[in-house]
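Breakdown of the fold
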Amino acid sequence: MKKIKLFAYLDEYKMYSISSQIFEGLTEYVLRYAHAENQEREEQKGPVGSGRILADIANKQTGTAEKRFLHDYAYTLFEEELLKEKRVLVIDKDTISHQRPLIEDYVFVKATGKATFNDVRHLTRTVSGFNEMGEALAFVTNYGTVAERSALLEGQLGTARSKAERDSIRKALQSASDPKMLALASGLRHDPIFLEKLAYMLRFGYQDEFVFQTSLEEATSKELLVSAILNRDNLTESEDALIRKYARSTEKEFTLFGVITQSNRIVDLPGDEATPAVDPESGPGALRQAISNMVRLLAGVEDTFTGRLPNEVVVDPIAVYREV
């Protein structure tokens, strides 16, 4: 039985751009494909021309819903053609052991496994509002205890005889209902400066990335991590809806199809080579040399955040979907 694709992500531009090249122009390919398709359907006594083919899909001006369905079908043709031409490295938990050495020989990859969705925008927002959320959570979850404690102290306040005793009870009453103290006691409060700097580092290093990752483990316990930065505009539904349905670390397997961009790169970290000193009066080339050094150092800093892991393959994504 033919599997059905449930798309979570589809980059239509990349798909049609590559399709127009592998099919030597959409029109010529579609005419040949449509003729064979219609002939086959006529022989099967099926509806003639019941499916729109690639060029029709690319040029069709219809409603959003219909175009969505047509793009999905176009992708199916696109992937089938690349697989037929054996241009795609197909890897999953069962094939990773013998397919891993072939990664450098392929441009396209189809990786299937349980996924993790890393939404840096959401993570940064969570870090920035961690203390506020911690206070709210601690107060709400401990509200019953807080109310009982407050009522008891208020009763004691009414019977207190000395000023010192009343001041002590008022202080205890304030602490009992203070959200910050409750959060601190529950481990739900951190140093505000630490959280501020952590949020800054996330914004600087990762901006608003939405990252798809799948981890494939070999029998020898060697793990291969396949990663792709997804363009939010190409998601078929909102990030929140996607994560609520499948969770950040999914129970179901997803397939990532795309172009391999990094798989065997050697990273040069700052300090690996001596940076030439720049004399500001050494001539017209001094400024260019200074800029070159600054760019190199900046690349080293950025590599701290975005550098590829030794066991990681980075992919430029075209589609992410489930097969059912």
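Let me sum up the structure you'll find in this document.

1. Structural notes on the overall build of the protein chain
For the protein chain, the count of helices and strands is 13 helices and seven strands. Buried residues in the protein chain amount to 35% of all 324 residues. Taking the intrachain contacts of the protein chain between residues at least 6 apart in sequence as the baseline, contacts between residues at least 24 apart amount to 75%.

2. Observations regarding the pattern of salt bridges
Under the criterion given, the structure shown has 15 salt bridges. In this structure, the salt-bridge partner of Lys5 is Glu323, at a minimum N-O distance of 3.7 Å. Residue Lys5 is found in strand E1 (residues 5–10), and its partner Glu323 is found in strand E7 (residues 312–323); the two are separated by 318 residues along the sequence. Looking at Glu323, the relative accessible area reads 28%, which means it is partly exposed. Of the charged contacts in the structure, one is a salt bridge between Lys14 and Asp316, with a shortest N-O distance of 3.2 Å.

3. Here we look at helix H7 (residues 130–141)
Taking 1.5 Å of rise per residue, the twelve residues of H7 would be expected to cover 16 Å, and the 16 Å separating its terminal C-alpha atoms lies within 8% of that figure. Taken as a whole, H7 has its buried residues at Asn131, Gly134, Glu135 and Ala138. Across the axial projection of H7, the buried residues extend over an arc of 100 degrees, all falling on one side. For H7, the exposed residues lying more than 90 degrees away from the buried face are Glu132, Met133, Val140 and Thr141. On its buried side, H7 packs onto helix H10 (179–185) and helix H11 (192–206).

4. Considerations on helix H6 (residues 120–128)
All of the buried residues along H6 are Val120, Thr124 and Val127. Down the axis of H6, the buried side of the element spans an arc of 65 degrees, and every buried residue falls inside it. At its buried positions, H6 is contacted by strand E3 (108–119), H7 and H11.

Rules and cut-offs
- Residues numbered from 1 in each chain as written.
- Predicted model: local features only at pLDDT ≥ 70, side-chain atom pairs only at ≥ 80, totals over all residues.
- Heavy atoms only, no water.
- Helix = DSSP H or I, 4+ residues; strand = E, 2+ residues; numbered from the N terminus.
- Buried < 20%, exposed > 50% of the residue type's maximum accessible area, 1.4 Å probe, protein only.
- Contact = heavy atoms within 4.5 Å.
- Salt bridge = Lys/Arg side-chain N within 4 Å of Asp/Glu carboxyl O.
- Expected span 1.5 Å × (residues − 1).
- Arc of directions from axis to C-beta.

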